[in-house]
Amino acid sequence: MESKNQRAEKRMVKTILFSARSSSFYVNMNPIAKFALLIMLSVGVVISMLHAVPDLQYNLLVLVLAVGFLIESGTIKYLVKSYLSLLLVALMVMMVWWIIFNQVGSNPILSVSFLGATLHITYLSLYVGIGKVSGYASMALMTLLTIMSTRDADIISALNKLKLPFKLVFFASLIARSLNIMADDLNSIKQAQFARGAGSNSDNIFKRVSAFMMLSIPLTTSIIKRSVDMGFALESRGFSKTKKFSNFIDEKRMRYSDFTIIAFGIFMLLLPFMAQ
Amino acid sequence: MHAVSINDFYWRYPNFTGIKGDYALKAISLEINEGEFFGITGPSGSGKSTLCYAIAGLIPHQIKLPLNLDDGIKGEIRVLGEAVTAIKNENGKPAITGVGSMSPEVGLVMQDPESQFLSMSVMNEMSLGLQMMGLEKSEMEERIKAAMEMVGLGELYQGASRIHPSELSGGQKQRLVIASFLAMRPKILILDEPTSDLDPKGKLEVIETIAKLKSESKMTIILVEHNPELMLKFADRMAVLYEGSLIAVDKPSKIYSNNELTKKYNVYTPEISELSEYFSIDESPKVTIEKSGFSIERAIQKHSESIISMKGIGFSYDDGTKALENIDISIEKGSLVALVGQNGSGKSTLSKIISGILAPSSGTMEIAGIKPTNKKTRSKLPMHVSYVFQNPDHQIFTRSVTDEIKYSLNNAGITGTHASEMVSGILEKVGLSDKANEDPVFLGRGQKRRLAVASSIVLKPEILIVDEPTTGQDYHMSTEIMELIKKLNDEGVTIILITHDMRLVAEYCRRVLVMSRGSLVFDGTPESLFMNDSILKLSSLSEPQSVRLSKEMINIGVLKEPLISAKEWLEFFDFMKSKTSIAFRSFGDIEKAKLKILSKIQSFGKPSGIISIERGGMILGSMLAESLNCESYSISASHYNEIGALTKDVNVNGIESLDLKPKGQYIVVDELVDTGKTLDTIMHTLKQRFPDSNFSTCTMMAKPHSIIKPDIIAEEVENTTWVVFDYEKNESIREFKASNPKMLKELNEHFSTQLDNRYAKEISLMENAFKSSGKNPEVIIYENPTTAIYARLASDILGIKKLIGVRNANYIKGYGAYLCAAIISSNNETAEELKSLINSKDKIVINIGIMKIGE
């Protein structure tokens, strides 16, 4: 366990996944504003991609924004270590596929013949491919950013702000809490598996899959034990006897900066229309 | 009204298989008083937690599997007068009745704080129970603030909405859970092993909170604990559970003093219990501990080639936390090294680097001949280094004990008959052969731990890292696991033992590495660590009870080096027994010594007075005062305080009442000078108090190892000689009865054949008088010097060590009140005067002049 001083030194807060810089503007943004921005930017990107030629500038702008916020929130390093390689491979495959199956444009940069068929790569197909992929990448990164930079307590606070029933909000929080515990247990179990000479680090894909399957036994045992304990902890506070829950959840207020971000989101949403 | 009243309660857990298991609780009848601090202890699986859940109303009401009401549950549990669980006959069939969970009147704090957090901010965690109570926001805020302050988390209140519970330290987490229940203002708080998963600092924080709860609240507290020191410190009464049955309910001191009970029912006892022949449960010695030339022979760390070599190792987590900084360690092959430090100090990170689980951020290392510079070389380490994790549930990957062992073998490419033979061999070694086909998930915690060790050692690793092997285990299981680890070490396996248990470190390890804030702050032997108070403080560690006793003995000059375990203390006492011889001295010998001393005193001139040190110097002092016809005074000094507990310093009593003449010449008289610390302290005190007077020292006997050499000595005796005087017959027999049967025999022979019986008549008269009075005096007040001999004899008859010698009635002023005092005087007049001045409810007066005894 880290001490208070150590926490102060690193100035990080725990989020749903990993942790983020506590002083970050994006991390401290109201989740409602954050989700609104995510939705508006995503809709903007989708609109830009509905056209025969997607708006590359718009998509790149959103992508730059996403990367900028990832850096600003201190979550970029987790992304690099965890999802980025997977995301890049997926995007590259998507781009190759798009170029193969959407032969557009008339000035080929490169032509490849294969089994009697000729594949042309044109300026237009490359432009459209980059436009589409940058659009999807920006949406994926914005979504990851939102999840990686938002504290679970903030989400619960936002749900509460939206006047959802307490039981629903509480169970949402319980699920988030359970995921949190599960992630910690899974990490410990994976380390124990490595110590036994097995694990997902093997070069052999079958061994890796088999090792992953083996995690289910200790993880299930752990989940059952945790859920019994959590059930008892809940009941020892009188949950099933409660007739009326009073409200206490600390509601995170919307600040000017949050409204500014929403306004910016609206502007970004309207931008593709204006460009049209 | 009782806080809890349980009447003949039985409970059996239902299961999916339908096969009846044993009762988890059997015929429990127990009453816990309101406001009482009640402890529950017992070995693992004895039903302690189940009993807590039953009191909290969670069992049977929250068990969702179908119950067999015919013989699965019986009896009744009432909490605060309300039936929580009872069995009622409804239409000829048994049915469970009762209110179930008694929230908010009853709060339940469980072992693992992590599983009890239901929210993701400290504030929400605190408010949850209060929200369920339907309280107004303002009241919730007020209660939350008060509860957090009560447990010492007040400083977190302001930012509580932004702090995730998992960001807290172990101790803070458990205190947060306690606070979340305190905010609900319960009348009963149940704490189920609240410190077992915590590091020393966390334990200390929770213990301080419990102490505060005990002193500041009127709550009934039920504490389940293995730790005997906590029980002794806090519990008013405690219960011992064993295999679901209630074995005993009594005061903790009575339970832990009952060796037969604690051994039979596998109760974790204080270290002092192993030394019960020599020390009381409150750590006060039962025997006189003599200074000796004893030195303990400890195993020397074998010098062999290094198997772990690390230079400049550093490690930082992704979020920037520096877990390790510049670690240089070299561990020799075949050694057993303890790795200690509080949570977050870096010991787990270091161990994971050694076992290849984590890669260091900086530095170089060589582990078992491998230089793990990349992922590929690092993945070879598990074949040489095994890691047994703290939670055995996290390392069980299959559904049978045999498969679990095979899992390790298969990963190393060992299959077929060879693998099966290795499985049988290792199961035999860890005593799990009869469980070969069982599902590991359903093994007991100790068995799971042994299985985890078996799975780790089956590949014959060169290095074995064991993380907290005894946490939450009972005494029997802990010993079993540690003996297994010791055996492996004897076979040549290098062991790194990560632990918070300093008793284990003292008993099993010869080298300790202490980590603090990612750095190695100590590398040395356990005894040097335990004597290093600054490192202990820095790393929030505390020395074992044996060392604490040693420190006291070092302070009073009895020991030179610390004895760090009960085993070493027993060796010390065995040595003392083998070396000590008895020398007997009679009244005649004292008279001879007096004559010798008187001849030596001539050179000093006639003294102004004799100051006798009670009780030893009383007889010789009174004889000298009478012969020299000078004033007689008395003072006392002891390492024991008023209640008989050993103290670090020598306490000198009676010095304030000394009315010495200025510039007088005084002789301080004692019977035997042993270590000399008492006489030295007395002389120092006298010289400070009476700087104008001159003091000489005189003793009948002295030992060569004394730190002070008296001015007049009649006789010198060996350091290992135990001198017994005829006037201390009873107390010598009492003392040797407890500690040395061989010497007791010698003692009995002497007293039955060679006892100097010159005071036999007076002894008999006094004995009869005390018996017929039926009183039990706490102090003997005697007229000095005339009745000193009789007072000393009375002290032996009654077993009273507190004596006050008075030269006149004024002397008695300033002494405290006693319930009952024995007054020994030489004539009627003095007897009456003393009687009127002594502030005691009961008084027995013994008038020596006519040997009249009365009230």
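Residues numbered from 1 in each chain as written. Chains lettered and ligands numbered in written order. Predicted model: local features only at pLDDT ≥ 70, side-chain atom pairs only at ≥ 80, totals over all residues. Heavy atoms only, no water.

1. A few points about the overall build of chain B
Moving on, step 1. Each helix and strand counted, chain B has 28 helices and 33 strands in total.
Moving on, step 2. Viewed in the frame of its principal axes, chain B has a C-alpha envelope of about 95 × 75 × 55 Å.
Moving on, step 3. Relative to its 855 residues, chain B shows a buried fraction of 59%.
Moving on, step 4. A gap of 1 Å separates the mean positions of the 97 positive and 110 negative side-chain charges of chain B. (Helix = DSSP H or I, 4+ residues; strand = E, 2+ residues; numbered from the N terminus. Buried < 20%, exposed > 50% of the residue type's maximum accessible area, 1.4 Å probe, protein only. Lys, Arg positive; Asp, Glu negative; His and termini not counted. Charge placed at Lys NZ, Arg CZ, Asp CG, Glu CD.)

2. Digging into the domain arrangement of chain B
Moving on, step 1. When cut into domains, chain B gives domain 1 (106-232), domain 2 (306-552), domain 3 (579-754) and domain 4 (759-855).
Moving on, step 2. If you average the C-alpha positions of domain 1 of chain B and of domain 4 of chain B, the two centres end up 56 Å apart. (Domains from an automatic or database assignment.)

3. A word on the interface of chain B and chain A
Moving on, step 1. Contacts between the two partners involve 82 residues from chain B, matched on the other side by 71 residues from chain A.
Moving on, step 2. Of the roughly 6900 Å² buried between chain B and chain A, counting both surfaces, carbon and sulfur atoms make up 56%.
Moving on, step 3. Our count for the contact surface shared by chain B and chain A stands at 4 salt bridges.
Moving on, step 4. Note that Asp112 of chain B and Arg226 of chain A form a salt bridge whose closest N and O atoms lie 2.7 Å from each other.
Moving on, step 5. Put simply, the parts of the chain that give the side of chain B that touches chain A at least two residues each are β7 (106-109), α2 (113-116), α3 (122-132), α4 (137-150), α5 (170-182), α11 (375-378), β16 (385-388) and α12 (401-411) of chain B.
Moving on, step 6. Element by element, the count of residues in the side of chain B that touches chain A is highest for α3 of chain B, at 9 residues.
Moving on, step 7. When grouped by side-chain class, the residues that make up the side of chain B that touches chain A number 32 nonpolar, 31 polar and 19 charged. (Contact = heavy atoms within 4.5 Å. Buried area = accessible area lost by both parts, 1.4 Å probe. Salt bridge = Lys/Arg side-chain N within 4 Å of Asp/Glu carboxyl O. Nonpolar A, V, L, I, M, F, W, Y, C, P; charged D, E, K, R; others polar.)

4. Looking at the packing of α3 of chain B against α5 of chain B
Residue and element names in this part refer to chain B.
Moving on, step 1. At a minimum axis distance of 7 Å, the contact between α3 and α5 shows a crossing angle of 35°. In this structure, α3 meets α5 at a crossing whose hand is right-handed. Contact with α3, carried on its side by Val122, Glu125 and Met126, involves Leu176, Ala179 and Ser180 of α5 and no other residues of that element.
Moving on, step 2. A per-class count over the contact of α3 with α5 returns 4 nonpolar, 1 polar and 1 charged. (Axes fitted to C-alpha atoms, helices over the stretch in contact; angles between N-to-C directions. Left-handed = near helix turned anticlockwise from the far one by under 90°.)

5. Considerations on the sheet that holds strand β20 (residues 519-524) of chain B
Residue and element names in this part refer to chain B.
Moving on, step 1. Taken in spatial order, the 6 strands of this open sheet run β16-β17-β18-β14-β19-β20, and their pairing is mixed. Of all the strands in the sheet, the pair left with one neighbour each is β16 and β20. The sheet shows a mean angle of 20° between the axes of neighbouring strands, taken without regard to direction.
Moving on, step 2. Bridge analysis of β16 against strand β17 (residues 463-467) gives 4 bridges, and the strand direction is parallel. Directly across from Ser386, in β17, lies its bridge partner Leu464. (Pairing = 2+ DSSP bridges.)

6. Brief notes about the packing of helix α2 (residues 31-50) of chain A against helix α3 (residues 56-73) of chain A
Residue and element names in this part refer to chain A.
Moving on, step 1. For the pair α2 and α3, interaxial distance at closest approach is 9 Å and the crossing angle is 155°. It follows from the interaxial angle that α2 and α3 lie roughly antiparallel. The handedness of the crossing between α2 and α3 is left-handed. Between α2, through Leu37, Leu41, Gly44, Val45, Ser48 and Met49, and α3, the contact on the second element is made entirely by Tyr58, Asn59, Val62 and Phe69.
Moving on, step 2. Its residues placed into classes, the contact of α2 with α3 shows 7 nonpolar, 3 polar and no charged. (Parallel < 35°, antiparallel > 145°, perpendicular 65-115°, else oblique.)

7. Focus: the pairing of β7 of chain B
Residue and element names in this part refer to chain B.
Moving on, step 1. Across the two faces of β7 the burial is the same, with Val106 and Leu108 and Gly107 and Val109 all buried.
Moving on, step 2. As paired strands, β7 and strand β8 (residues 188-192) are joined by 4 bridges and run parallel to one another. Residue pairing for β8: Val109 is matched across the bridge by Leu191.

8. Some points on the packing of aromatic side chains
Moving on, step 1. Here the structure, examined in full by the defined rule, presents 27 aromatic pairs over all chains.
Moving on, step 2. Summarising the aromatic geometry, the rings of Tyr242 of chain B and Tyr265 of chain B are spaced 5.1 Å apart at their centres and angled 70° between planes, so their arrangement reads as edge-to-face. Highlighted residues: Tyr242 of chain B in strand β10 (residues 237-242) and Tyr265 of chain B in the loop between α9 (259-264) and β12 (306-316), separated in sequence by 23 residues.
Moving on, step 3. Following the ring pairs from residue to residue traces out a cluster consisting of Phe587, Phe725, Tyr727, Tyr759 and Tyr790 of chain B.
Moving on, step 4. Over the ring of Phe181 of chain B we find Arg237 of chain A; its NZ or CZ atom is 5.0 Å from the centre of that ring.
Moving on, step 5. Of note, Arg12 of chain B hangs over the ring of Tyr23 of chain B, and the distance from its end group to the ring centre comes to 4.1 Å. (Phe/Tyr/Trp six-rings, centres within 6.5 Å; stacked < 30°, edge-to-face > 60°. Lys NZ or Arg CZ within 6 Å of the ring centre and 35° of its normal.)

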